[in-house]
Amino acid sequence: VVDYDKPIEQFGVQSMTPNLAERITKHAGYMHTQLRRGIYLSHRDVDWWMNEYEKGNRVGLYTGRGPSGQVHLGHLLPWFFCKYLQDAFDADLYFQMTDDEKFVFDDRLTLDQTIGYTYDNALDVIACGLSPEKTHIFSDTEHIQHLYKIALRVSKRVTYSTAKAVFGFKDSDNIGMIWYPALQAMTCFLESDREGENIPCLIPAAIDQDPYWRMTRDIAEKMGYYKPAQIHAKFLPGLGKGGKMSSSIPETAIFTKDPPEAAAKKVMSAFTGGQATVR
């Protein structure tokens, strides 16, 4: 069980409203299942992002994946929603594969492994049906020459005390972890930098990613960019008792590589909270 009211209060975000969902629906032509089922619970400045689009300005999207293993259905939620928004608002999507993050944060993974997962996971992103012409999938390690200058500018604006307060870094953490948030924040500005004009950026992601964007919003205007907008998704529950779907508990997650019979077995064995069958 997740208390979603707590992060909304803690992070100071705006709750999703029926009016906002209807406004997105008007542009898309239909209401996405995730909107109808209340998967998206909060946001920052989605209304402003749509205002910019309605003025005739270009708008962009950003999401990503930390490649630490196989993709499961929980990872797909914001990717499918990005496809919906991309079609509705004719937006380019910048999809960041953070193979560097997973290497510096997880002692169990080698750099070769995270890079390998990047290419493997990218196939799942492509399979979501995103526009090939308007989707830019990039790896931090492979494409660092396009990212480093902006990340440097971000890093100069964020003090260690701020990063420590936001992310809870300890003195024993490696310095790669401390530098990494600059690379994740950088993508909010990547399309604007490449196109030479300020393009409003919307980030569909799970609500636990909000700290990155709060930090980024604090420095965006000082760097000459718009503050990134966000729309926050709930976690997809796992098939076990409580908790979100997680790769670390594979029997409670449905992976894209699971054969149909394996996925069916997991579903039929899922914890539903029901009682034993009455004879």
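Criteria and thresholds
Residues numbered from 1 in each chain as written. Predicted model: local features only at pLDDT ≥ 70, side-chain atom pairs only at ≥ 80, totals over all residues. Heavy atoms only, no water. Core = buried A, V, L, I, M, F, W, Y, C linked by side-chain atoms within 4.5 Å. Buried < 20%, exposed > 50% of the residue type's maximum accessible area, 1.4 Å probe, protein only. Helix = DSSP H or I, 4+ residues; strand = E, 2+ residues; numbered from the N terminus. Contact = heavy atoms within 4.5 Å. Lys, Arg positive; Asp, Glu negative; His and termini not counted. Salt bridge = Lys/Arg side-chain N within 4 Å of Asp/Glu carboxyl O. Polar contact = N/O pair within 3.5 Å; in protein donor to acceptor, adjacent residues only side chain to side chain. Phe/Tyr/Trp six-rings, centres within 6.5 Å; stacked < 30°, edge-to-face > 60°.

K.L.:
Sorry, what's going on with the nonpolar core here?
P.N.:
Core analysis: the largest hydrophobic core is formed by 32 residues, its most contacted members being Ile-24, Trp-49, Leu-85, Phe-89, Leu-202 and Ile-231. Counting residues per element, the ones that place at least two in this core are helix 2 (18–28), helix 4 (46–54), helix 5 (73–89), strand 4 (92–97), helix 7 (111–126) and strand 7 (229–233). Among the elements that line this core, the one with the most residues is helix 5, at eight residues. Beyond its immediate chain neighbours, meaning those up to four positions away, Leu-202 contacts Val-46, Trp-49, Gly-60, Leu-61, Tyr-62, Leu-85, Ala-229, Gln-230 and Ile-231. Grouped together as the second largest cluster of nonpolar side chains are 30 residues, Val-104, Phe-138, Met-177 and Cys-188 included.

K.L.:
Sorry if this is basic, but what is going on with the side chain of Glu-101 here?
P.N.:
For Glu-101, the position within the fold is in helix 6 (residues 99–105). Buried charge Glu-101 goes without a salt bridge, the closest partner of opposite sign being Lys-102 at 4.6 Å. Residues in contact with Glu-101, not counting those within four places in the same chain, are Gly-66, Tyr-180, Gln-184 and Tyr-212.

K.L.:
Would you take a moment to explain helix 10 (residues 175–186) for this structure?
P.N.:
Note: α-helices contain 3.6 residues per turn, so residues at a spacing of three or four share the same orientation. When we look at burial in helix 10, the residues that qualify are Met-177, Tyr-180, Pro-181, Ala-182, Leu-183, Gln-184, Ala-185 and Met-186. Measuring from the backbone nitrogen of Gly-176 back to the side-chain oxygen at the start of helix 10 gives 3.0 Å, which picks out Asn-174 as the cap.

K.L.:
Explanation requested: the packing of aromatic side chains in the structure shown.
P.N.:
Two aromatic rings are characterised by how far apart their centres lie and by the angle between their planes. Enumeration over the complete set of coordinates arrives at 16 aromatic pairs. Between Tyr-30 and Tyr-84, the ring centres sit 5.1 Å apart and the planes meet at 75°, which makes this aromatic pair edge-to-face. Of the two residues, Tyr-30 is situated in the loop between helix 2 and helix 3 (33–36) and Tyr-84 in helix 5; the sequence distance between them amounts to 54 residues. Judged by relative accessible area, which is 3%, Tyr-84 ranks as buried. A network of ring pairs unites the aromatic residues Tyr-62, Phe-105, Phe-167, Phe-169, Tyr-180, Tyr-212 and Trp-213 as a single cluster.

Fair warning: the whole summary comes from geometry, so function is off the table for now.
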